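Chain by chain, the residues run as shown.
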Amino acid sequence: MRLEYMPLPPPQNIEAYPVYINNELQRIARFIGGISEVHETGMFLATSGATMALSTTPTTITAYDTVRVDEEGMTASHSAGTITFLSDSKYTLTFSANIKRHGGGSSAAIIGVFLDGTLISGTHHTLDFNGSSYIPISFSSNGAVNAGQVITVKMSLASGTTDVTFDTIDLNVTGKAIDV
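Here goes a summary of the coordinates provided.

Rules used in this analysis
- Residues numbered from 1 in each chain as written.
- Predicted model: local features only at pLDDT ≥ 70, side-chain atom pairs only at ≥ 80, totals over all residues.
- Heavy atoms only, no water.
- Helix = DSSP H or I, 4+ residues; strand = E, 2+ residues; numbered from the N terminus.
- Buried < 20%, exposed > 50% of the residue type's maximum accessible area, 1.4 Å probe, protein only.
- Contact = heavy atoms within 4.5 Å.
- Areas by Shrake-Rupley, 256 points an atom, 1.4 Å probe, with all protein chains shown as cover.
- Salt bridge = Lys/Arg side-chain N within 4 Å of Asp/Glu carboxyl O.

**What about the overall build of the chain?**
So, point 1. Each helix and strand counted, the chain has 1 helix and 13 strands in total.
So, point 2. Listed N to C, the secondary structure of the chain is α-β-β-β-β-β-β-β-β-β-β-β-β-β in terms of helices and strands.
So, point 3. Burial analysis of the chain (180 residues in total) assigns 38% to the buried set.
So, point 4. Partitioning the intrachain contacts of the chain with sequence separation of at least 6 by distance along the chain shows that 76% fall at a separation of at least 24.
So, point 5. Split by element, the accessible area of the chain, about 9400 Å² in all, is 54% carbon and sulfur.

See the structure below:
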């Protein structure tokens, strides 16, 4: 996508020029700020061992315990597992975790990215538990959101119920405003 600044037509009378120039300078400043501004936030698990109950219903992962200090342009709530966008944005989300299933055995878990509670097409990933060892998973997702929309990462089981423990978990979102 190519962004381009186009000035508005100048006024017909000379007295209106100071207001016109001031308005155009403000438009230019917003344009430049929109091109260069990058928003970033995320959350992670600082202390390993967070446990979560799973069933066949997708549940928001809330095993994080820390929000990144570089939060800007978005708000993050580790206790709710949410990232809320403050402006229309294009974003890149990266997620990584080490997860183990309690009680051993084998089963499949599904992890996906949700926008306002709806699974974003093409973002679900399957994790096959086999035994009680930690299994790594990592993925990234790109998209566009409107101001006020909320992204969550949810997890469910293909069948049954169990608890899982996170040894590590990290969610990072980088966004670029598209309100220009």
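So, next bit.
**Things to note about the pattern of salt bridges**
So, point 1. For the coordinates displayed, the defined rule picks out 2 salt bridges.
So, point 2. Ionic pairing is found between Glu24 and Arg27, a salt bridge with its closest N-O pair at 3.0 Å. With Glu24 and Arg27 both in helix α1 (residues 17–36) and 3 residues apart, this pair spans about one turn of that helix.
So, point 3. Note that Arg68 is salt-bridged to Asp170, the shortest N-O span being 2.2 Å. A residue pair is termed long-range when its members are at least 10 positions apart, and Arg68 in the loop between β4 (66–67) and β5 (74–77) and Asp170 in strand β13 (residues 162–177) qualify at 102 residues.

**Some remarks on the side chain of Thr152**
So, point 1. Relative to the helices and strands, Thr152 is located in strand β12 (residues 150–157).
So, point 2. A relative accessible area of 9% places Thr152 in the buried class.
So, point 3. Sequence-distant contacts of Thr152, defined by excluding residues within four places in its chain, comprise Thr60, Gly81, Thr82, Gly112, Val113 and Phe114.

**Focus: unusual backbone geometry**
So, point 1. At Asp116, a residue that is not glycine, the phi angle is positive and equals roughly 50 degrees.
So, point 2. Relative to the helices and strands, Asp116 is located in the loop between β8 (106–115) and β9 (118–119).

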